[in-house]
Every structure is written in structure tokens, then in C-alpha cells.
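Observations on chain architecture
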Amino acid sequence: MKNKFLKPAFYNHISLIFLLILSSCSAQNGLEKAFVNPPESAGAHTWWHWVNGNVTKEGITKDLESFKKVGLSGFQLFDVGLRIPHGGTVFNSKEYHDKVAFAIAEADRLGLEMGINSASGWSSTGGPWIKPKNSMKVLVWSEKEIHKKTTSPIYLELPELNKIQKEFYFYEDIAILAFPKPKNAAYRISNWEAKSLTDLKAKADEFTPTSKKAPKEAIIKLSDVVILTDKMDANGKLNWTPPSDNWTVVRIGYTTTAAKTRPASKGGIGLELDKLSKEAVTIHWEALLDKTTEDAKGSKAYTTILIDSYEVGHQNWTDNFEDAFQEKRGYDLTPRLLCATGRIIESNEYSERVLWDFRKTVADEMYENYFKFFKEKCHENGLKLATEAYGSGSFDAPEVSKLVDIPMTEFWHKDKAKGQRNIWKWTSHISSSAAHLSGRSVVGAEAFTRMKGDWSVHPYNLKIIGDKAFTEGINRYYFHTSAHQPWNDNIKPGMTMSRFGSNIHRNNTWFYKSKPWLDYIARCQFIMQTGTNQADALVMYGDERGFNNFLGKVERLDFDFLEGYKFDVAGIDSLDDLSVGENGEIRVSYEGKLLDTRYRILSLKRDLLMRIESIKKLGKLAQDGAIVIAQKPIRTPGIETNPNATKEFNELVKKYWDSGLIHLPSTYKKSLSAVTPDCKLPLGMEYAHHKIDNSDFYFVSNQCYDANKGTCTFRVTGKQPELWDPETGKISKNLNWKQLKNGTTEVQLDMTSAQSIFVVFQKETKKTRGTFNSPTYKTIQNINGDWNVTFNENFGTNETILFKKLTPWNEHTNEDIKYYSGTATYKTNFEFDTSKKKKSILIDLGQVAVIAEVKLNGKDLGTLWKPPFQIEIKDVLKKGENTLEVKVTNLWPNRLIGDAQYPNFNNSNKTLPSWLMDGTGIPATSKRKTYAAHNHYKADAKLLNSGLMGPVKILTIKK
């Protein structure tokens, strides 16, 4: 009986284990299949610039069909002005919206995801419908010295406006303030223009408080400040007599900052909306974005509104700002507005505290009334908000990045990733960390932006900087840019975003050859969007500055990069979402949901000043077992309305710092080094680490244009390492590896030029090592015969050219070849008599500029877009005669330089050539073969190596 009852339970237990194993295997197989053929959601997107009203429906269809053909998953429509004659489609006009509606319908038809920028121009949000009273506002003031015997009547002049502000004749009074003139009336608090945000270009590193004491002769007592607002009539006449000599009267009010949308096109040029006003945001939606929603007519394609990087400066006032200040800070700002003029009220410290409260309130109001309200409006319309939440504005970048649906950054193209500016490292960390702290799966990036869009980039020389972005947490490219091509196909290379961008569009020579590169990107992005990013440390910006919007003028990073470890970056607002889990792990929640994101250390920066509530939260984390690192704060940052605040602050500092519960910054490296490094790599390699369920995915990038190999160590044990190749989709267990006693696994990697690979640990193993002899190849035959080469006659010659030796096109004596740009087809025949009984036979094309498509005996073998230009031919190679065909595509510069030898078209800054607009094409009377909206080249510019240069060889594995 005993066995009878136990037997079913035993089998149920076994069945449950079997089902769990089966489920795990199924999940793994599904992941592998999706890696080989990623879902459309994993594909790259592009910015699609409509340039200065040059838009046609024919061009829209062709552009979007080309996106779909090469594997782009979506685009963000982006109207800009720039220095190209207007094409007739006025922004926000009926014609404009008709074309937007057409674009949305076409995106729907093609299954492309579409977003649109929040206004014309790349910064920021506004237009001609924004009147001065709803525009960005700034404090201005006038001053008058008066005495007891000053002759009546006393008139207070309007504050002086700058030349641009005067165009709008907009000014409103806030208050009239009077005070006894101090003996040292010229003294001002350090960096007061920045700290009061009256310097509209101020950087946050200028907000750091001074410890210097103001001279007594410069101090104004708060009790001496008299508010005279009701003593002045509408004409500026002041009905007041000072009680003693030497008084200063300040008439303080606000005007527009005069910031405009830029670079906007006709119909979109206007004032930037007030970022502290929901009313202004509503006006903008009603004037523009509600119309776009109507254009969409319920389309599934239209999903996103973009707010680009913030480049229109600070504002520091809005209607009734003093009321919001009173509500948030608990005291009256009005008499203390003198601090915004740089004057000292009570003491330097007191004035610094007022200015901190002032900045913090501005930032809070911008968060609530611009970014958060904009997101709410998007959600009401079934849309997401994507934002590059950094720049010259009065807001906290980490906080806003965490708010939006798609946090975005940007990175610019340089030939070497080492040349990347610190500013893009900073924004990449801010934006990607925001996604990790909010549980969002997509981190977007304006990708490969260029100041000089000279057609010189291509997938291979873009790859390293793109892979660098992947290692910094980015997982969706938005290419900068694909300019809309409004003209007929006989106009190439066609429209550009003036001088900017990488020109990733259908008129670029290599665009239709780029699908293998885009497949590579999609495989990388699939893993990174599916998994949870892994980082050991959370670096948090403290209360010190009020907000952190950007790096300073020097662009100095205050991150500590330690080999083998990753970190995220948060704003102080994220303290509310942190808790402590098992073994002192710092856990993250968002909107009440516990996320998979975990950290081992919390380390603060910019924390010289600290609010009492921040100290309490940090102390709680430390008491619960978290490692918390912060410098010992010297005081709270703002005015404290609680009379016991100083005492409470001192007691908390003593409790947490003097006791050693919160550690000092000097312990950071030691504390982090106590944790086993997550990943240690040879010099020149970088990584990102993601977890998908219980599997570890390490993206390892060779950041060198040379081959790179060495030993890599990963903080994983008990699992079989695999190599997942995003270039090919192939998965292999053929590698050398061994487990170490410290719980890590060593893997030998042999990387080709600019190669990246996923090292994956998902399947448990009892093995402790694996060996594999990587194949080395030898040449078994050189292909030295003649090559017949055909070119596109529109940009070269209609003759078949015999190449007895492979040489660059740009060295040819025939100018039609010397200056050729496009694709040329090489054909040759060769005899192969060697045995085919080999494990692998490759063809090696040698040097190629820049992309090669290989066909052998009529069989397409694939497209090669980076070195080594090698491909497997064993299954296609025949004994006897073989026919080899190689299509090689170069870049536009050579043809553009060739055309520069001839007279330019009679271009005008105001009108485009008639043959361009009517579609007839370049006149037969011109020797030029190309037309580009922006010219980057002169006749004496250096030509680029182009074509198939070889040597072409057949390789096989050495025994």
C-alpha cells in the first residue's frame, strides 16, 4: 500500500521536472531562433528629415519602401530648415498634413513604426502660434538710486531688453523692491548669473556653492527689504519716499527669452513654448500635434513623438511662479528675488540656499509642466514619448530620462571610438541607466551624427563606434540621417540634411547593400532589448546642484571607470525606488513594481549638500545592509523652514557617517574591487552584460581595426560557453575555455578586425573545460587571370573594361573609371584542379573598397562588408572551370570630385534648378553626372581607394 500511494507522487514529481526542463529547452530554442531571425521590433530605426519643404509623395513611397527592403524597422519624421531653397510644402499647412497623412498610411502599409518630432527644427518645441506671453521667460530688472530728498515724481524705468527681445515688446512686472544701499554695493555672489539661471547658457557645474563669506558691507538684511509693488502705477510712477538716504529700488519683472525653434522651416519658425506652463504646451498641441493625430486616423504605425536634445537655453520664470515656489519651498520668494540679481541677503550661505531653492523649483516645474505633461498628452493619444533629455535647459537629465517612454542619447561618428567626446559618454550612461531604473526595454540613440556629411562613411567604418554605443547600454539606433529624397531617381546623390549626417538613404551607393549590416544590428539589439542589463554599481548624483542637465564647459567626467565593472547613473529622485535584498543587494522598483535590476554598491557624487530626507533614505539603505558611499555633507542645500532642521541634520550625519555606516568616497575602489570582476578583457576590447532568464549574454567588442585575441574572464561558472555571432547568426561551442576556482570562466577569443561576438552561458554542464583547435588557413591557389569589369554608364562608362591586374579605380587612366562611384561587376574564369576533400575552402578577396557581393558559378554566396573579405565556397566550387563574379561598391566622393572638374550648375540660394523640380534631370549640356544638395568637395580633393584590389586567393585549412 505504501508503494502504491507513493508511486504516483513520485512520477508526478518526475513529470514536473521533465516539464520544467522541456520548458527551459523550448525557451532556449526560441531565443536561438529569434537571434538568427530577429523580430522586426529589434531592427534599427532612422531619422527621416524633410528638408525645407522639399517633399513629394512619390519620394515618400520610395523612401519608405527602401527602408523596408534593407531591414529598417521604423523612422522618426523630422522637419528642418537649413540652407536649401524652399520646396513649397509649408510646415503645418494643409499640404504638409496631407503629406504627413500619406506617409503614415504608407508606413502602415509597409509595417514600419513611425514617430514625429514635436516641432520643426531640432530644438525644441514651439512655432509661430506661440505668442510672447506663452514663450520661455526670464527675469529682467532696472535699478534706481533714490534718497530721502529725491525730487518727486519718481519714475522707474522699464528694464532694458536685448535687441531680439525688443522685437516682441513683451514685459510684465513682478515686484518693486527697495532696500538700504550697502556700502559695498558692487559685491555679488560668485557665478550668480548661472546660479539664478539668468545666464541662459549656464552649465550645472557653475552651480556649486561657494564657501566664501561675503563682506559685511555687502550684506542686505531681509528685514530691510521693502515691497513697494502696490506703490507704482501703470506708468512706472513710484509713490513712495525712503525713510533715509541711499536706497536702491529694483523694478523686477520678466520678458521672453526670445528663444526660437531652430533650424525650423517656413511655417514652423516661431518662439519656443514656456516650459513651465501646461497652458503653453496645450496651445502647441492644439496648433500642431493634435492635427498630426488626426492625420494618423487611428494608424498602428504612428506610435511616438520625439523631443530632441534641449538646445534653447534656460528660463527662470513663468506666470505665478512665486506661488509655485511658496507651495514647494514653504516661504515667500518675493523679497528674496534680490538674490537673483546676485546680491547678498543675510549671508552668502543664505543667498546660496535661496538660489538652490530657486533652481530646484524651476527644474521641478519644468519636469511637471513640460516633460510629464507632454508624456500625459502622448498617452491620451495612444502615443509614446521619446526624448533626448539633456542639454542647456533647467531640468534634471536623470529624472526626465527615467520619466519618458523611450530615453534617448546620441553618438557622433569618428574614425576611432577613442575620439568620442565625454559628453556622449555621459548622456549614454544617463539615458541607458534611466531605462534600467524604470524597467524599460529600449534605449534609443541618434546614431552616427556627423558635422561633415561628406559621403565617406560606410558600414565597416561606422561599426566600431556603433559597437561602442552598444557597450554603453544603447540598444536601438536611430540613424542620423536619411534625408527624404523628393526628386526623380535620375538625381543622385540628391537631397542632404545640408552638410550634416551620415547619409544613410536610398541614394547612397551602398544603401541597398547594407542589409547584412542591418541584420547584424538587429541581432545585437534583440539580445540587448530582451535582456536585463547587468551593472555592479549605481552612481547617484546628489542634491548639491539642484539639477544636473549636462556636463560643464570643460566636459569633465566625474565617473570612476574600473576595469571589469559596469555602473549605472541615477538622479537623487531614484532613492525612493531603492531597497535592500538578500546579501545586501540593492534592488530597484518602479511605480511599485520590483524590477530585476540589482546593484552591489551605491555611490554618490555631487553630494556636498544633502537634504534631510535624502540622508534618511541613504541611512535606511545602509542600515538594511547595503554598501552606501557618500562624502560627509556640510549642510542642507535650501532654506529650512523647520527650526530644528540644523540639529536634526547634525544628528543624522553623526549617526551615519561618524559611525562608519555610510562609507567615504575613498573606499569606492576598494569596495568594488572586493567584488569579483564581471568581465576582464584584453586591451582594446569592451563589453556589455545582459541576463535573459538565467542565461548570461556578454557582448564583447573588438574596438580595433586590427585582429585582437586573448583570454577573457567572465563571472559565470557551471555553464557551457557558446559563441553567438551576430554577423552571421551562427552559434558555436567550438572554443577553448576552462572554469576557475574563484567562480569564473576563462574563454579564449580570437577576434577579427572590428568584430563583435556574444559569449553566452545558458546550458549547465559538469565539464570544467573545453578545447578547440582554431583552424588556420593556407593559400592553395591565386586567381591571377584577367577581369572583365562593367560599370554603370550613368556615372562611368558603358564599355566593358579589361583589368589584367587588379588596381584601384582611382588610379586608372580612364577618367570615367578614375572618378567612378557606384557598383561595378568583375568577372573572371579560373581552373580548379585541387581535391575538394577539404573541411573548408574559402575565397579571399584581399583588399576591397568598400563592399563586395560574391557569386560563384551562378550561385549567390553573400555580401561582404568588412574585413576579412572571405567566404566559404566548398559546396559551389567545381573541379575544372569556374566563373567568379564580384560586384564591388565604392563611395560617392570620387564621382563628386570628378564633377568638380567642370563648371557648377547655376544654383541660387532662393530657387532650385527647374530641371530638378520638373524631373527632367541634369541637362545634357553639362558634363556633371551628379547633383547633391550640399557640396563637400573641390576639384583638387584626394580620391578614395576604390574597387577590388586583391590579391584574390583560394584558401583551405592547414593540416
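Residues numbered from 1 in each chain as written. Predicted model: local features only at pLDDT ≥ 70, side-chain atom pairs only at ≥ 80, totals over all residues. Heavy atoms only, no water.

Where an unreviewed UniProt entry is consulted, the protein chain appears under the name Glycosyl hydrolase, with the organism given as Algibacter miyuki.

1. Regarding the overall build of the protein chain
Where we set the bar: Counting from the N terminus, the helices are the DSSP runs of H or I reaching at least four residues and the strands are the DSSP runs of E reaching at least two. As a reference, a globule follows 2.2 Å times the number of residues to the power 0.38, and the radius of gyration itself is taken over C-alpha atoms. The buried label goes to any residue with under 20% of its type's maximum accessible area, the exposed label to any with over 50%, and the partly exposed label to all in between, with areas taken from a 1.4 Å probe on protein chains only. We call two residues in contact when some of their heavy atoms are within 4.5 Å. Under the convention used here, a 1.4 Å probe and the Shrake-Rupley method define accessible areas, while residue burial counts only the protein chains that appear.
Looking only at helices and strands, the protein chain features 18 helices and 50 strands. For 959 residues, the compact-globule estimate of 2.2 N^0.38 gives 30 Å, and the C-alpha radius of gyration of the protein chain, at 32 Å, lies within 12% of that figure. In terms of overall dimensions, the protein chain has a C-alpha envelope of 115 × 95 × 55 Å along the principal axes. Relative to its full complement of 959 residues, the protein chain shows a buried share of 59%. Long-range pairs, those at least 24 residues apart, make up 81% of the contacts in the protein chain between residues at least 6 apart in sequence. If you sum the accessible surface of the protein chain, you get close to 40200 Å²; carbon and sulfur atoms cover 48% of it.

2. As for the side chain of Gln165
Applied cut-off: By the criterion applied in these results, polar contacts are pairs of N or O atoms within 3.5 Å in which, for protein atoms, one can donate a hydrogen and the other can accept it, and in which residues neighboring in sequence qualify only through two side-chain atoms.
For Gln165, the position within the fold is in helix α4 (residues 163–166). Side-chain polar atoms of Gln165 contact the backbone oxygen of Thr256, separated by 3.0 Å. In this structure, Gln165 is in contact with Val138, Thr255, Thr256, Thr257 and Ala258, ignoring residues within four places of it in sequence.

3. Some words on helix α3 (residues 94–110)
Definition in use: A helix is expected to span 1.5 Å multiplied by its residue count minus one.
Compared with the 24 Å implied by 1.5 Å per residue over 17 residues, the 24 Å span of α3 between its first and last C-alpha is a close match. Within α3, burial applies to Tyr96, His97, Lys99, Val100, Ala101, Ala103, Ile104, Glu106, Ala107 and Leu110. Along its buried surface, α3 packs onto β1 (45–51), α2 (57–70), β2 (74–80), β3 (113–117), α6 (278–296) and β13 (302–307). The positive-phi residue at the C-terminal boundary of α3 is Gly111, with phi of around 75 degrees.

4. Let's talk about the packing of aromatic side chains
Centre-to-centre distance and the angle between the planes together describe a pair of aromatic rings. Which entries qualify depends on this criterion: Pairing of aromatic side chains requires ring centres within 6.5 Å, counting the rings of Phe and Tyr and the six-membered ring of Trp. Pairs whose planes differ by under 30 degrees are stacked, by over 60 edge-to-face, and all others tilted. For a lysine, the NZ atom is tested; for an arginine, the CZ atom; a charge sits over a ring if that atom is within 6 Å of the ring centre and within 35 degrees of the ring normal.
Counted under the stated rule, the structure contains 58 aromatic pairs. On the numbers, 5.9 Å between centres and 15 degrees between planes, the contact of Tyr390 with Phe550 is stacked. With Tyr390 in the loop between β15 (384–387) and α9 (397–403) and Phe550 in the loop between β21 (537–541) and β22 (567–571), this pair connects stretches of sequence that are 160 residues apart. A relative accessible area of 14% means that Phe550 is categorised as buried. Chaining the aromatic ring pairs together yields one cluster made of Phe35, Phe411, Phe448, Phe470, Tyr477, Phe479, Trp510, Trp517, Phe697, Phe699, Trp724 and Phe758. In this structure, Lys275 is placed above the aromatic ring of Tyr370, and the distance from its NZ or CZ to the ring centre is 5.4 Å. The ring of Tyr541 has Arg606 lying over it, and the distance from NZ or CZ to the ring centre is 3.8 Å.

5. Examining the UniProt feature "domain: Beta-mannosidase-like galactose-binding" (unreviewed entry) in the protein chain
Applicable threshold: UniProt positions are given in the numbering used here, feature names are shortened, and annotations may be inferred rather than shown by experiment.
In the UniProt entry, the feature "domain: Beta-mannosidase-like galactose-binding" (unreviewed entry) is given for residues 816–903. Secondary structure across residues 816–903 divides into 11% helix and 48% strand, with the first and last C-alpha atoms of the span separated by 17 Å.

6. Thoughts on the pattern of salt bridges
Rules: Here, a salt bridge means any Lys or Arg side-chain nitrogen found within 4 Å of an Asp or Glu carboxyl oxygen.
The final tally for this structure, using the stated rule, is 50 salt bridges. Across the pair Asp274 and Lys137 runs a salt bridge whose closest N-O atoms are separated by 2.8 Å. Residue Asp274 is located in the loop between β12 (271–272) and α6, and its partner Lys137 is located in strand β5 (residues 137–146); the two are separated by 137 residues in the primary sequence. Taken as a pair, Asp274 and Lys137 share a single burial class, namely buried. Between Lys763 and Glu722 there is a salt bridge, and its shortest N-O distance comes to 3.6 Å. Linking Lys763 in strand β36 (residues 756–764) with Glu722 in strand β32 (residues 719–724), this pair joins segments that are 41 residues apart in sequence.

7. Some words on the confidence of the model for the protein chain
Heads up, the condition is: Values of pLDDT, the confidence the predictor places in each residue, fall between 0 and 100.
For the protein chain, mean pLDDT is 95; residues scoring 70 or higher make up 96% of the total. Note on residues 1–11: pLDDT under 50 across the span, and zero contacts to partners over four residues away in sequence or across chains. Per-residue pLDDT stays below 50 along residues 13–22; that stretch engages in zero contacts with residues further than four places along the chain or on separate chains.

8. Topic: the side chain of Glu388
For clarity, the threshold we go by: His is not counted, nor are the chain ends, whereas Lys and Arg count as positive and Asp and Glu as negative.
Position of Glu388 relative to the elements: it lies in the loop between β15 and α9. Despite its burial, Glu388 pairs with no opposite charge, the nearest such side chain being Arg262 at 12 Å. Looking at Glu388, its side chain comes within polar contact range of the main-chain nitrogen of Ser309, at 3.2 Å. In contact with Glu388, not counting residues within four places along its chain, are Trp47, Ile307, Asp308, Ser309, Tyr310, Met408, Thr409, Glu410 and Glu446.

9. Structural notes on the sheet that holds strand β23 (residues 578–580)
Note the following rule: A pair of strands counts as paired when DSSP detects no fewer than two bridges linking them. A fitted line through C-alpha atoms serves as each axis, taken over the contacting stretch for helices, and the angle formed by two N-to-C directions is quoted from 0 to 180°.
As summarised here, the arrangement of the three strands in space is β23-β24-β25, forming an open sheet in which the pairing is antiparallel. Sheet topology places β23 and β25 (593–599) at the edges, where each strand pairs with a single neighbour. Strand-to-strand twist across the sheet, computed as the mean angle between neighbouring axes with direction ignored, equals 35 degrees. Both strand β24 (residues 586–590) and β25 contribute to a ladder of four bridges, which runs antiparallel. When the sheet's bridge partners are listed, Arg587 is paired in β25 with Arg598. Those strands touched by helix α10 (residues 422–438) are β24 and β25, and its axis lies near 130 degrees from that of β25.

10. A look at the sheet that holds β2
Pairing between the strands of a sheet comes from backbone hydrogen bonds, and it takes one of two forms, parallel or antiparallel. Taking strand neighbours around the barrel as the criterion, the eight strands line up as β1-β2-β3-β13-β15-β16-β17-β18 in a closed arrangement whose pairing is parallel. Across the sheet, the mean angle separating the axes of adjacent strands is 30 degrees when strand polarity is ignored. Note: β1 against strand β18 (residues 476–483), four bridges, orientation parallel. Each bridged residue has a counterpart across the sheet, and for Trp48 the counterpart in β18 is Ser482.

11. Quick word on the environment of Met540
Topologically, Met540 is positioned in strand β21. On the basis of relative accessible area, Met540 is assigned to the buried category, the value being 0%. Excluding residues within four positions of it along the chain, Met540 makes contact with Ala570, Gly571, Ile572, Ser574, Leu575, Leu578, Leu602, Ser603, Leu604 and Lys605.

12. Points about unusual backbone geometry
With an omega of -5 degrees, the peptide bond running from Ser152 to Pro153 counts as cis. Cis geometry marks the peptide bond from Ala849 to Val850, where omega comes out at 5 degrees. Within the secondary structure, Val850 sits in the loop between β43 (847–849) and β44 (851–856). Located in the positive-phi region is Lys297, a residue other than glycine, with phi close to 50 degrees.

13. A look at the packing of α6 against helix α8 (residues 348–380)
Definition in use: Should an angle lie under 35 degrees it is considered roughly parallel, over 145 roughly antiparallel, and from 65 to 115 roughly perpendicular; all remaining angles are considered oblique. By the definition used in this description, the sense in which the near helix is turned from the far one sets the handedness, with an anticlockwise turn below a right angle giving left-handed and a clockwise turn giving right-handed.
Interhelical geometry of α6 versus α8 gives an angle of 40 degrees and a closest axis separation of 9 Å. One element, α6, and the other, α8, form an angle in the oblique class. As for how α6 packs across α8, the hand of that crossing is right-handed. Residues Lys278, Val281, Thr282, Trp285 and Leu289 of α6 touch α8, and the partners they reach there are Glu368, Asn369, Tyr370, Phe373, Phe374, Lys377 and Cys378.

14. So, the nonpolar core
If you look at soluble globular proteins, the nonpolar side chains tend to sit buried side by side. Quick reminder of the rule: By nonpolar core is meant a set of buried Ala, Val, Leu, Ile, Met, Phe, Trp, Tyr and Cys residues that side-chain atoms within 4.5 Å join together.
By size, the foremost hydrophobic cluster in this structure holds 138 residues, and its most contacted members are Phe374, Phe479, Trp517 and Phe758. Looking at this core, the element that brings in the most residues is α8, giving 13 residues. Excluding its chain neighbours within four sequence positions, the residues that come into contact with Phe479 are Ala44, His45, Thr46, Trp47, Leu72, Ala447, Phe448, Ile504, Trp517, Leu518 and Ile521. Phe791, Tyr819, Ala824 and Ile897 belong to the second largest nonpolar core, which has 41 residues in total.

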